[in-house]
Amino acid sequence: MISCCFSYADEIGRKINGTYPKDAAITLRELLKYDLLVFLGYLYDPDSSEAVRQVAFVNEILQIRLTTEQFFSFRNENSLDPDLLSRIPDSLKYFVKDDLSPESRRSSTGVSISRFIVNSYRDLGLAFIAFAGISDEESRKITDYINILNDYLKAYGLYHMEDPLRKGPKGMPGYGMPRRVDRPPKPRPDATVDMTVAASYFQDDPVPEEKQKKRDVPEIHEEKKGIRATGQGVEKKTEPKKKDVSPEPMQSSVEELLEELNQLIGLEGVKKNLNNLINVIRVRKMREKMGLAQPDMSLHLVFSGNPGTGKTTVARLLAKLYRALGVVSKGQLVEVDRAGLVEGYVGQTAAKTHEVIDSALGGVLFIDEAYTLTNKKESGDFGQEAVDTLLKRMEDDRKDFVVIVAGYTEPMEEFLQSNPGLRSRFNKFIDFTDYTPEELYRIFSSMCSSQDFHLTEEADAVVREHFRRIVEDKTEHFANAREVRNFFERCIERQANRLVKDAKIDLSGITTFIPEDVTE
């Protein structure tokens, strides 16, 4: 069915020579493929246990080569637009325009290609949720979307036209279908798609009163024996398109992640150390490309500091940075503590640790309170077994596996001293210092802003004094940003108790903290 859609797109593309700008980097087939990709991204459930299976379905049906990460990124950029249900796919407009032209199938056969395209959206959506194990509730999304497309066809009198797959001599399907259906070769499982952005976009719109905003459209190339379809026919290529090995896309991603890191409140020493580390990795990658020798370097890290200082947040960003730099292949962060690694019987701990490490391959394993693996000296404790297993896997899988251990400063020193192998592999400390009163205030202000709260001038002074006092009186286990979050939640509770007694609550009152709300 989808192959027929693409063949119709090629046929119409060859007829509308004047429609494509001369420097356009996308064909009608590719535009249709982009719109179908947006639709499937709208249905995609990244939290499903079948998320990888869903992406495999997309690649198989649309004959493309997207990794799970690429499809997830594409979905976030294109399929979560709240205006999606009110926007007609731009490719559908060209099929409608063709149906309405004097030489179209409508005048000679009584069938509508536009009708076929909309039905294909519906059947594709139903097949997707059935194949990928998505709940039946997702069918409501399909119904909503198809209703919008049907209303569009009704506006042009095409809604009641026949679908070419459903109209044929004596009930046989296929009447009015193209004589030749192009079926591109199936993608290799390990291949990736070239996501080059189109240089320009279609200018013609069959619905003048419904102007569509321009979008960046990824150009999805299909390698087919050196021939590539264009809007004007087929264009022979002397050789297949070579994969772009330019580092610019990677550098752009790294810059965005570094900007996100550097915008975190406080943590100046952490930012400086990690920026230095990233710069060293960048230069190592340059030397590697030039074929130069370079000394061994451990990318495993120790994050030391009190709770609530952002260790887990920074670890997540660093995992993404390692992925963008090519240090690891996937960039996921697997968070675990002692309970996630250690079992109570001989042999179970090693198996459990291997399972956790397997899930972290290609990314970063973050072990919180890692010192608890070695600080229990009594017999029958299997924490050391987890450490021994970890050390072996760090050596065996060193090319695509990074470990970050985290915890209080002094216990982490004792942890590294407990085993010579630990000290040799974890030779870089990142110290997360406690937040200052001003930084805690900025964190609180950020929470207020994100939740549509603001402080009166008097309440602002009370909050500043509160953070000055708790930093001055802090204990050994001061919880930093967690203290701020808990304080923020108590402020909301006090405000709620105050507001329910007020018969006249307005927008200003419900979004404002007064001194009574922020006073402990």
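Everything that follows concerns the structure shown earlier in this document.
Reading the values: rules and limits
- Residues numbered from 1 in each chain as written.
- Predicted model: local features only at pLDDT ≥ 70, side-chain atom pairs only at ≥ 80, totals over all residues.
- Heavy atoms only, no water.
- Helix = DSSP H or I, 4+ residues; strand = E, 2+ residues; numbered from the N terminus.
- Buried < 20%, exposed > 50% of the residue type's maximum accessible area, 1.4 Å probe, protein only.
- Contact = heavy atoms within 4.5 Å.
- Expected span 1.5 Å × (residues − 1).
- Core = buried A, V, L, I, M, F, W, Y, C linked by side-chain atoms within 4.5 Å.
- Axes fitted to C-alpha atoms, helices over the stretch in contact; angles between N-to-C directions.
- Parallel < 35°, antiparallel > 145°, perpendicular 65-115°, else oblique.
- Nonpolar A, V, L, I, M, F, W, Y, C, P; charged D, E, K, R; others polar.
- Phe/Tyr/Trp six-rings, centres within 6.5 Å; stacked < 30°, edge-to-face > 60°.
- Lys NZ or Arg CZ within 6 Å of the ring centre and 35° of its normal.
- Left-handed = near helix turned anticlockwise from the far one by under 90°.
- Patch = residues over 30% accessible without salt bridge, like charges linked within 9 Å, V, L, I, M, F, W, Y side chains within 5 Å.
- Areas by Shrake-Rupley, 256 points an atom, 1.4 Å probe, with all protein chains shown as cover.
- Salt bridge = Lys/Arg side-chain N within 4 Å of Asp/Glu carboxyl O.
- Lys, Arg positive; Asp, Glu negative; His and termini not counted.
- Charge placed at Lys NZ, Arg CZ, Asp CG, Glu CD.

S.K.: Teacher, can you tell me more about the overall build of the protein here?
M.R.: For the protein, the count of helices and strands is 20 helices and 11 strands. Here the protein, with 520 residues, has 47% of them falling under the buried criterion. Look at the contacts in the protein between residues 6 or more apart in sequence, and 74% of them connect residues 24 or more apart.

S.K.: What is the right way to look at helix α13 (residues 383–396) in this model?
M.R.: Structurally, the α-helix is built with 3.6 residues per turn, so residues lying three or four positions apart point the same way. Helix length check: α13 (14 residues) gives 20 Å between terminal C-alpha atoms against 20 Å at 1.5 Å per residue, within 8%. Among all positions in α13, only G383, A386, V387, T389, L390, L391, R393 and M394 are buried. Next to the buried residues of α13 lie α12 (348–360), β7 (364–368), β8 (402–407), α14 (409–417) and α15 (420–425).

S.K.: I'm lost on the nonpolar core in this one. Help?
M.R.: When a protein is soluble and globular, its nonpolar side chains tend to lie buried together. L274, F303, L318, Y322, F444 and F467 are the most contacted members of the largest nonpolar core, which totals 53 residues. Among the elements that make up this core, the one with the highest residue count is helix α11 (residues 311–325) (nine residues). When near neighbours in sequence (up to four residues on either side) are disregarded, Y322 contacts L277, I281, L299, L301, V327, V328, V364 and V402. Grouped together as the second largest cluster of nonpolar side chains are 50 residues, C5, Y34, L62 and L153 included.

S.K.: Quick question: what am I supposed to make of the packing of helix α5 (residues 90–100) against helix α7 (residues 113–131) here?
M.R.: When two helices pack together, you describe them by how their axes are tilted relative to each other and by the distance separating the axes. The geometry of α5 relative to α7 is characterised by a closest axis approach of 8 Å and an angle of 150° between their N-to-C directions. Taken as axis vectors, α5 and α7 run roughly antiparallel relative to one another. Side by side, α5 and α7 meet where S91, L92, F95, V96 and D99 of the first sit next to I113, S114, I117, V118 and Y121 of the second. Broken down by class, the residue content of the contact of α5 with α7 amounts to seven nonpolar, two polar and one charged.

S.K.: Explain the packing of aromatic side chains to me, please; I cannot follow it from the model alone.
M.R.: Within a pair of aromatic rings, the relevant descriptors are the distance that separates the centres and the angle that separates the planes. Tallying each qualifying case throughout the model produces 18 aromatic pairs. Geometrically, the ring pair formed by F39 and Y145 is stacked, given 5.2 Å between the ring centres and 25° between the ring planes. Of this pair, F39 sits in helix α2 (residues 28–43) while Y145 sits in helix α8 (residues 139–155); the two residues are 106 residues apart in sequence, bridging distant segments of the chain. Comparing F39 with Y145, the two get one shared label, buried. Every member of this aromatic cluster is reached through a ring pair, and the members are F444, F453, F467, F487, F488 and F513. Of note, K33 hangs over the ring of F6, and the distance from its end group to the ring centre comes to 4.9 Å.

S.K.: Sorry, what's going on with the packing of helix α3 (residues 51–62) against α7 here?
M.R.: Viewed as axis vectors pointing N to C, α3 and α7 meet at an angle of 145°, and their least axial separation amounts to 10 Å. Regarding α3 and α7, the two cross each other, and that crossing is right-handed. Residues R53, Q54, F57, V58 and I61 of α3 form the contact with α7, whose own contacting residues are L124, A127, F128 and F131. Here the residues of the contact of α3 with α7 sort into seven nonpolar, one polar and one charged.

S.K.: For this particular structure, what's the right way to read a negative patch on the surface?
M.R.: Together, E77, E256, E259 and E260 make up a region of like negative charge exposed at the surface. Accessibility expressed as a relative area gives 63% for E77, which makes it exposed.

Everything listed here is a matter of coordinates, which is why it stays silent on function.
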